[in-house]
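Now for the letters of each chain:
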Number of protein chains: 4
Amino acid sequence: MNITLKQAQTVIEKAMAKALEIDAKMNISVVDAGANQVAFARMDGAWLGSADIALKKARTARFFDMPSGEIGKLSQPGEPLFNIEHSNGGLISFPGGIPISGANGAIIGAIGVSGSSVENDHTVAQAGMEAI
Amino acid sequence: MNITLKQAQTVIEKAMAKALEIDAKMNISVVDAGANQVAFARMDGAWLGSADIALKKARTARFFDMPSGEIGKLSQPGEPLFNIEHSNGGLISFPGGIPISGANGAIIGAIGVSGSSVENDHTVAQAGMEAI
Amino acid sequence: MNITLKQAQTVIEKAMAKALEIDAKMNISVVDAGANQVAFARMDGAWLGSADIALKKARTARFFDMPSGEIGKLSQPGEPLFNIEHSNGGLISFPGGIPISGANGAIIGAIGVSGSSVENDHTVAQAGMEAI
Amino acid sequence: MNITLKQAQTVIEKAMAKALEIDAKMNISVVDAGANQVAFARMDGAWLGSADIALKKARTARFFDMPSGEIGKLSQPGEPLFNIEHSNGGLISFPGGIPISGANGAIIGAIGVSGSSVENDHTVAQAGMEAI
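Residues numbered from 1 in each chain as written. Chains lettered and ligands numbered in written order. Predicted model: local features only at pLDDT ≥ 70, side-chain atom pairs only at ≥ 80, totals over all residues. Heavy atoms only, no water.

Under an unreviewed UniProt entry, chain A has the name Heme-binding protein and belongs to Dokdonia sinensis.

Below, the structure written as structure tokens:
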């Protein structure tokens, strides 16, 4: 099963509501089960460089079916996945990417958020993910 | 002046309405005056490979401030711009990309549509562009 | 609002004056508000490899609206943005990139300098930025 | 021998004067004998997509020590160099790129111009080249 555009747009809408609540300007990307982008929005005044990061966070979360920040713990110097970011055309391994599960618990996509602190990015991604 | 997210989302909404009317499944991308993506939507069941094409059509239209298909007329074998598609990380030079102008006539962004015949792609892009 | 070519050339001229003053050979790039290059100069004898670095520093500074070196503090191992350099086709996150603001305080572009120590690169970028 | 920055800036200045004379907005790139960019300028309002094309024309002219348009004659379908544009990270093989020779006749660099018709691009490149 795959996330629908309608679901992806709801995810973005909820994420944007949370971003406004915490006064952050975000880039928000939603990918499907195949890690292909379904929907994207850059809020007015959000960092230009965060568009690619939002997409890469979403893809990273779906590539490994875990929050992007979990990969980052393992990709530090001396850790098992050091510099895994070189794969797949570039991963982003800090927080802000979260897988999205469907009704039956299977993963149907992922959200990636970038534009503020990684804590804020994660908070906004969480709010979007919970819309499903 | 730059297209806002709200304007970009309206462009996508109008484009999708036209796509549904002509029974086509589209990827729709909107870029700003700097050719950076502002909003994107892939309709359910639309071709996966058309996401990148939609973005490249939008960028091509803004790169040269004309519909992407106009570039394609000039890039044929024997024509003045043969193989221009090798520039800018890849152009798409067939119809489906159209610049978007603001209130004062200045270009504020562009829309790119991909997922059906190039005629349909252009029709849907036109409908989106006219929303502004 | 966007930096003009005349402004960009003044930025480069002032940066070069500072580079001569401190006896450094620099590559200097200026991008506009959309992170697209407006003007570039490589001083005679400056490192060839620094041309791309100067451009990427300027783009990094505009992508996140802060000096490139600020990103670098956050991208170290164990820090929140570790390996962010893999995004946007390659960032450069050490000093030498600085945003440029216009009369009303809004960011209109950025300068990136590379060719000497990062301290010198930053000093020269600062001198260029202050021309506006 | 290699083109100097001062020479490259003179080339751009003369090219820009010609561009203003024929009322065209150009992107102008100058590369050295090693095909590395020395100086670049994008005139206000010039096409964004022409920056990369100007650089690629200059590089193409120096890569093969002939005007970029000469390559284009040979890269047509059925001709000996069909699709040579796939090499070197992307060539541009229509007019607008011209080698620049020094006092002793040896090639010291090249100019690439993009932003108007290929005839205008070539005319402006010629004016720049003749500055040396």
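Points about the relation of the copies chain C and chain A
Rotating chain C by 91° and translating it 0.2 Å along the rotation axis places it on chain A, where the RMSD comes to 0.2 Å. Here the two chains are linked by the operation of a four-fold rotation axis. Within chain C, the C-alpha atom positioned nearest to the axis of rotation is that of P77 of chain C, 4.5 Å from it. (Least-squares fit on C-alpha atoms with pLDDT ≥ 70 in both.)

Considering helix 1 (residues 5–21) of chain D
Residues and elements named next belong to chain D. The end-to-end C-alpha distance of helix 1, which contains 17 residues, comes to 24 Å, matching closely the 24 Å that a straight helix rising 1.5 Å per residue would cover. Burial in helix 1 covers these residues: L5, A8, V11, I12, A15, M16 and A19. Looking straight down helix 1, one finds that the buried residues subtend no more than 130° of arc, so they occupy a single side. Relative to its buried face, helix 1 has exposed residues pointing more than 90 degrees away, namely K6, E13, L20 and E21. After helix 1 finishes, the residue D23 shows a positive phi value of roughly 60°. (Helix = DSSP H or I, 4+ residues; strand = E, 2+ residues; numbered from the N terminus. Expected span 1.5 Å × (residues − 1). Buried < 20%, exposed > 50% of the residue type's maximum accessible area, 1.4 Å probe, protein only. Arc of directions from axis to C-beta.)

Some thoughts on the interface of chain C and chain D
The interface of chain C with chain D comprises 15 residues on the first partner and 15 residues on the second. Carbon and sulfur atoms make up 48% of the area that chain C and chain D hide from each other, which totals about 1,300 Å². When residues of chain C are sorted by the area they lose upon contact with chain D, L5, F40 and R42 of chain C head the list and together hold 40% of the total. The interface formed by chain C and chain D includes two salt bridges. With its nearest N and O atoms 2.7 Å apart, the salt bridge here joins R42 of chain C to D32 of chain D. Inspection of the region where chain C meets chain D yields 11 residue pairs in polar contact (both at pLDDT 80 or more). At the level of elements, helix 1 (5–21) and strand 2 (37–42) of chain C are the ones that each hand at least two residues to the side of chain C that touches chain D. (Contact = heavy atoms within 4.5 Å. Buried area = accessible area lost by both parts, 1.4 Å probe. Salt bridge = Lys/Arg side-chain N within 4 Å of Asp/Glu carboxyl O. Polar contact = N/O pair within 3.5 Å; in protein donor to acceptor, adjacent residues only side chain to side chain.)

Let's talk about the pattern of salt bridges
Taken as a whole and assessed by the stated rule, the structure comprises 24 salt bridges over all chains. In this structure, D65 of chain B and R62 of chain B form a salt bridge, with 2.7 Å as the shortest nitrogen-oxygen distance. Salt-bridge contacts for K57 of chain D lead to D121 of chain D; the nearest nitrogen and oxygen are separated by 3.0 Å. Of the two residues, K57 of chain D is situated in helix 2 (residues 50–64) and D121 of chain D in helix 4 (residues 118–129); the sequence distance between them amounts to 64 residues.

Focus: the environment of A125 of chain B
Residues and elements named next belong to chain B. Relative to the assigned elements, A125 resides in helix 4 (residues 118–129). When its relative accessible area of 0% is taken as the criterion, A125 is described as buried. Residues A125 and I100 lie 25 residues apart in sequence; the distance between their C-alpha atoms is 10.0 Å. In this structure A125 touches G96, I98, I111 and V113, once residues within four positions along its chain are discounted.

A word on the relation of the copies chain C and chain D
Expressed as a screw transformation, the operator carrying chain C onto chain D has a rotation angle of 179° and an axial translation of 0.2 Å, and the superposed copies differ by an RMSD of 0.2 Å. Both copies are brought into coincidence by an operation consistent with a two-fold rotation axis. Relative to the rotation axis, the C-alpha of F40 of chain C is the closest in chain C, positioned 2.4 Å from it. When the interface residues of chain C are mapped onto chain D, 100% of them are again interface residues, pointing to one common binding face.

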